[in-house]
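Architecture at a glance
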Amino acid sequence: MKLPIKIALFLMALLSVMVACTSKDASQRATQTNTDKRYSYEYVKKISVTQPKKALQVLQHAEEHKLMSPIDINILRSKVYYNSMLDYKKATFYAEAALNDPDINNRPEQLMSLLYLAALEYYNCGNYAKCLNMADRAITTGYKYDNRQLVGQVLTTMGQCHSEIGNVGHAINCFDQSIIIFKGEVKKSPKWNLYYALTTSNALKANTYLEMKQYKELFQMKPEYEGTLKKLNTLPEGISGVNDLANATFYSIYAIGYEETGNHAQGSALYDKLIVTRAANTPEGATFVVPYLMLTKHYNEALSKVNEMESVWTRSGKDSIDYNYIHNILANKAKTLQAMGRYKESLETGIRAYDLNDSLNRRIKAQNALRVSEQLGKKMLKKHIERQETLLRINHIANIVIGALLVICIGLMIIGFRINKKLKAKNQAAYTLVNELLLYKKQLMDHLAADEANNAKNNRKTLEANDDKQQQYDEFLRMEKMVIDRGLFLQPKLERSDVAKEMGISTSHFNELFARFSDQSFTNFINDLRMEHAAKLLKEKSNYTIEAIANECGVPIRQTFYRLFSKKFGMTPAEYRNVVADE
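As the structure is a prediction and not an experimental result, all values here were calculated from the model. Per chain, residues are indexed from 1 in the order of the written sequence. Owing to the predicted nature of the model, reporting of local features is limited to residues with pLDDT of at least 70; listing and counting of side-chain atom pairs is limited to 80 or more, with chain, interface and lining totals taken over all residues. In computing side-chain values, all of the structure's heavy atoms are included and hydrogens and water are not.

**Things to note about the overall build of the protein**
When helices and strands are counted, the protein shows 27 helices and 0 strands. Working definition: with a 1.4 Å probe on protein chains only, accessible area under 20% of the residue-type maximum means buried, over 50% means exposed, and in between means partly exposed. Considering the protein as a whole, with its 583 residues, one finds that 47% of them fall into the buried category. Contacts between residues were defined by any pair of non-hydrogen atoms, one from each residue, lying within 4.5 Å. Pairs at least 24 apart in sequence give 65% of the contacts found in the protein among residues at least 6 apart. For the accessible areas, the method is Shrake-Rupley and the probe is 1.4 Å, while residue cover comes only from the protein chains on display. With an accessible surface of roughly 29600 Å², the protein has 54% of that area assigned to carbon and sulfur atoms. Strands are runs of DSSP state E lasting at least 2 residues, helices are runs of H or I lasting at least 4, and numbering of each runs from the N terminus.

**Points about helix 7 (residues 108-124)**
Every α-helix carries 3.6 residues per turn, so stepping three or four residues along brings you back to the same face. The terminal C-alpha atoms of helix 7, which comprises 17 residues, lie 25 Å apart, in line with the 24 Å expected from a rise of 1.5 Å per residue. Burial analysis of helix 7 places 16 of its 17 residues in the buried class, which makes it a mostly covered element. Phi turns positive one or two residues past the end of helix 7, at glycine 126, with a value near 85 degrees. Expected span of a helix: the number of residues minus one, times 1.5 Å.

**Let's talk about the packing of aromatic side chains**
Stacked, tilted and edge-to-face are the three classes applied to pairs of Phe, Tyr and Trp rings, where Trp contributes its six-membered ring and a pair requires centres within 6.5 Å; stacked means planes under 30 degrees apart, edge-to-face means over 60, and tilted covers the rest. Evaluated as defined, the whole model comprises 22 aromatic pairs. For the ring pair tyrosine 123 and tyrosine 128, a centre distance of 5.7 Å and an interplane angle of 45 degrees mean the geometry is tilted. Aromatic pair phenylalanine 219 and tyrosine 258: ring centres 4.7 Å apart, planes at 25 degrees, arrangement stacked. Linking phenylalanine 219 in helix 12 (residues 215-220) with tyrosine 258 in helix 14 (residues 242-260), this pair joins segments that are 39 residues apart in sequence.

**Examining the environment of valine 44**
Position of valine 44 among the secondary structure elements: in helix 3 (residues 41-47). By relative accessible area, which is 0% here, valine 44 ends up buried. Setting aside chain neighbours within four positions, we find valine 44 in contact with Arg38, Ala55, Val58, Leu59 and Leu76.

**Some thoughts on the packing of helix 7 against helix 9 (residues 148-164)**
Viewed as axis vectors pointing N to C, helix 7 and helix 9 meet at an angle of 15 degrees, and their least axial separation amounts to 10 Å. Regarding the angle of helix 7 to helix 9, the classification is roughly parallel. Like other packed secondary-structure pairs, helix 7 and helix 9 cross with a definite hand, here left-handed. In this structure, helix 7 uses Met112, Ser113, Tyr116, Ala119, Leu120 and Tyr123 to contact helix 9, whose residues at the interface are Leu150, Gln153, Val154, Thr156, Thr157, Gln160, Cys161 and Glu164. Each residue gets one label: Ala, Val, Leu, Ile, Met, Phe, Trp, Tyr, Cys and Pro are nonpolar, Asp, Glu, Lys and Arg are charged, and the others, such as Gly, are polar. Considering only residue class, the contact of helix 7 with helix 9 consists of 8 nonpolar, 5 polar and 1 charged. Helix axes are fitted only over the stretch in contact, all axes being lines through C-alpha atoms; the angle between N-to-C directions runs from 0 to 180 degrees. Any angle between 65 and 115 degrees counts as roughly perpendicular, while under 35 counts as roughly parallel, over 145 as roughly antiparallel, and the rest as oblique. Less than a right angle of anticlockwise turn of the near helix away from the far helix marks a crossing as left-handed, whereas a clockwise turn marks it as right-handed.

**Digging into the confidence of the model for the protein**
When pLDDT is low, close inspection of the predicted coordinates is not appropriate. pLDDT measures how confident the predictor is about each residue, on a scale from 0 to 100. With 76% of its residues at a pLDDT of 70 or more, the protein has an overall mean of 78. Across residues 7-34, where pLDDT falls below 50, the model places 91 contacts with residues more than four positions away in sequence or in other chains.

**Remarks on unusual backbone geometry**
Not every positive phi belongs to a glycine, and aspartate 146 is a case in point at roughly 55 degrees. Structurally, the position occupied by aspartate 146 is in the loop between helix 8 (128-144) and helix 9. Looking at aspartate 146, the relative accessible area reads 62%, which means it is exposed. Phi at lysine 213 is positive, roughly 60 degrees, even though this residue is not glycine. Its location among the elements puts lysine 213 in the loop between helix 11 (192-211) and helix 12. Given the relative accessible area of 48%, lysine 213 is considered partly exposed.

**Here's the deal with the environment of glutamate 547**
Its place among the elements puts glutamate 547 in helix 25 (residues 546-552). Expressed as a C-alpha distance, the spacing of glutamate 547 and arginine 558, which sit 11 residues apart in the sequence, is 6.5 Å.

**Description of the packing of helix 13 (residues 222-234) against helix 14**
In contact at an axis separation of 10 Å, helix 13 and helix 14 are set at 160 degrees when each is read in the N-to-C sense. Comparing the axis directions of helix 13 and helix 14 gives the class roughly antiparallel. Crossing of helix 13 over helix 14 shows left-handed handedness. For the pair helix 13 and helix 14, contact is made by Lys222, Tyr225, Glu226, Leu229, Leu232 and Asn233 and by Asn243, Ala246, Asn247, Thr249, Phe250, Ile253, Tyr254 and Tyr258, respectively.

**A look at the environment of methionine 221**
Position of methionine 221 among the secondary structure elements: in the loop between helix 12 and helix 13. Here methionine 221 falls in the buried class, since its relative accessible area comes to 9%. Along the backbone, methionine 221 and alanine 206 are 15 residues apart, and their C-alpha atoms lie at a distance of 7.5 Å. Among all residues touching methionine 221, those that are not within four sequence positions of it are Asn202, Lys205, Ala206, Tyr209 and Tyr254.

**Here we look at the pattern of salt bridges**
In what follows, salt bridge is the name for a side-chain nitrogen of Lys or Arg lying within 4 Å of a carboxyl oxygen of Asp or Glu. Throughout the structure, instances matching the rule amount to 16 salt bridges. The closest approach of N and O atoms between glutamate 63 and arginine 77, which form a salt bridge, is 3.0 Å. Separated by 14 residues along the polypeptide, glutamate 63 in helix 4 (residues 52-64) and arginine 77 in helix 5 (residues 70-83) bring together distant segments of the chain. You can call arginine 77 buried: its relative accessible area is 8%. The salt bridge partner of arginine 148 is glutamate 185, with a shortest N-O separation of 3.7 Å. One end of the pair, arginine 148, is in helix 9; the other, glutamate 185, is in helix 10 (residues 168-188), and 37 residues separate them in sequence. On the basis of relative accessible area, arginine 148 is assigned to the partly exposed category, the value being 42%. One salt-bridge network, held together by shared partners, links Asp72, Asp103 and Arg107.

Right, dumping it as structure tokens:
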């Protein structure tokens, strides 16, 4: 999974808390007879993001002294482990415990919110089948009780699942439907939680466009996304710190987008805004900043951020057999090491992530079997274990295939490195040849200028004695020098008649001269001069973009410029500039 996806997922994690905070379920509060607000459902939800450890302590005390109902305690524990602790395994355990409580069916609002939360948790575990199952139940329940907000939220999760399996069209459609729903909701009630849901839907849609490199669509939706975010920032924050995360998400997505499209100034400006957010300065903030650091080749800083995140994870005593640790820390560390050229360490980290992921799959299957045992008894357990063994065999075969593919990928990397080395040598040779050709052309023009100066000293009789063919050839050479000296070839729509007019001769006479002494067409002649001038500018004007040089040389269409330059010199303008930079 790419890093930008994780940015949006972190935002979605907090959305689930927000949804719970706005629940209209009064029954949960009616069951609480304790007057101490520290043991109220709303209080624990409010501190679940900023003070997760304290929230768990409160719930533990409430459970021991029966100050809250078991179903409320399980729901809140699930929220804390998901939103703040990022422990999806424990989060799904408590969500399932709450869903298996018969009392949940008497609380429709909590049931809908819990189904949505469970869908999110299974999504982050990588269990997309279970996620879609929970999402389907949530949407069915949402339509049953006419809860459009819930339907909008679940659609975002479905969109993420579609994006993960490569069905981008369905993903964008889900996000669009979610945006339409929340636009209608904020018109009826412009509350913070609704604007946050709308902001999240925009973030997920923008992130999908970024991952698919659909930059036109990404920047087209920016004004609407940014407007929603600005409105969100004007409203009283429902949960402390969440607006800061929403801002960090926006800055990160568009900083990466601008950097990938070559707009370094705007990308840098947004990155500067990103790094002053509170979210970016936490260990988990590596999720936001590492993609940009990788793009700008600040590999040491990127690796430092990932290592810090890993160190915090290790010091906290969390299990390393965890989806977030494997896919968001180890996988990104391997990518960073590869970019730095530390291939051995990258391979070792990748293999470690692969082994831990295999262990995670086995553990999840074992835990699923245990729950089935408790629910269905020993007879059903036997059938379930047989099915799990079959799945494990299939998984083992898949692991062998993946291992083989990994070896092939390493081989392809080595081959690619060698090819790149040969390509650089070829480009260097071509660059040397280009310089020699340009020097020869300059010497030829200087020689022609010297001949004209000498001819000016001769008398008219000498000129008349010259052979007619020689006179015409000299006239052709003067035409070529004039086109170069006056920069006529830089005109985008230069015609033969334009050159003839400059020379003071008829177009027909010009055509006769050109046909007699040139071994190429007029168009190719002009394009060759343009490409020679482009090569000179690429070398001398390192601050010019390739598009700017193309326009200055009279070839405003990028594709045409690349084609002509490659045809002339055997390498692209970008490759030529890289060779110049390496000198």
